[in-house]
Amino acid sequence: MMIEFNADISLLINQAFGLGGRFVSYPEAMAASDVDPAEINFSGIDIVSRDEAIELSYLGTPIIYPVTLKGGVYKVYDSSGKIVEKKMTDFRLPLATIVDFSRSKIKQKTKIPGSMSSVKEMYGHDDWQIRIRGLCLGEPRHPQGLDGFMDQHNKILEFEQLADSIDVEGDLFKEKSIYKIDINQINFPQLQGKPRVLPFDFSCESDEPLELILL
């Protein structure tokens, strides 16, 4: 007999990452909580509309929003260390997913003697630095059928093992012209006394396909 587990998303996010989950913006979140309130508990979190969420979740603001790692044919190392191709399916990250964005400018500063300022020469923008944190939970009606927390965990590992940049889909990525990300590091912190909750935390950076023309 399986013991019923009611996940308090706000509390779990705070315990795993030290963040108070203030906003949830997921198009089906309200409907899901109305239909099966015992499965996912959004107590302590304000549920806002899609338009409001885009306005609230500006650069650097922790947000909870639908993010999909797109399927396709990717490169991966086989058991012998050879690069081969692997076909992946779409994966919408778990409901409770927090994304932080930051980006630096590439510039050269020249100090001026006798001045309290400097001459700044801007050369461009660095890659977007993206931190994605969330919770693998049992989630009924997951769009790709990954209802169990271990199913979601294993799918994250599949994408992490790719030797390739990953196509990503989400309004907050699109508005920053981010269509591909490269995973740099992944971490799975543990929550004491929560056997069916697996937090994940991975740092990424934006990537763009470049074509080199040899003359």
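Located above this text is the structure these notes cover.
To keep things clear, this report deals only with the structure shown in the data block.

Side note on the packing of aromatic side chains
Using the criterion set out here, one finds four aromatic pairs in the structure. With 6.5 Å between their ring centres and 70° between their planes, Tyr 74 and Phe 159 make a pair best called edge-to-face. Note that Tyr 74 is positioned in strand β7 (residues 72-77) and Phe 159 in helix α4 (residues 149-160), a separation of 85 residues in sequence. Judged on exposure class, the residue Tyr 74 and its partner Phe 159 are both buried. Ring centres 6.3 Å apart and planes at 85° place the aromatic pair Phe 101 and Trp 128 in the edge-to-face group. A residue pair is termed long-range when its members are at least 10 positions apart, and Phe 101 in strand β10 (residues 97-102) and Trp 128 in the loop between β12 (118-125) and β13 (129-136) qualify at 27 residues. The same class applies to Phe 101 as to Trp 128, namely buried.

Let's talk about the pairing of strand β16 (residues 198-206)
Of all nine residues that make up β16, seven are buried, and the element is covered over most of its length. Both β13 and β16 contribute to a ladder of eight bridges, which runs antiparallel. Counterpart to Cys 136 in the pairing with β16 is Leu 198. By the bridge criterion, six bridges tie strand β15 (residues 180-187) to β16 in an arrangement that is antiparallel. Bridge pairing links Ile 183 to Cys 204 in β16.

How each quantity is defined
- For every chain, the first residue of the written sequence is number 1, and numbering continues from 1 onward in sequence order.
- Only residues with pLDDT of at least 70 get local features here, since the model is predicted, and only at 80 or more are side-chain atom pairs given and counted; chain-wide, interface and lining totals rely on the full set of residues.
- Side-chain figures throughout are based on the complete set of non-hydrogen atoms in the structure, without hydrogens or water.
- Centres within 6.5 Å are what make two rings of Phe, Tyr or Trp a pair, Trp counting through its six-membered ring; a difference in plane orientation under 30 degrees is then read as stacked, over 60 as edge-to-face, and the rest as tilted.
- A helix here means a DSSP run of H or I that spans at least four residues, while a strand means a run of E at least two residues long, and both kinds are numbered starting from the N terminus.
- Any residue under 20% of the maximum accessible area for its type is buried, any over 50% is exposed, and the rest in between are partly exposed; the area is computed with a 1.4 Å probe on protein chains only.
- Criterion used throughout: strands pair if DSSP finds at least two bridges between them.

By themselves, these observations are geometric and do not establish any function.
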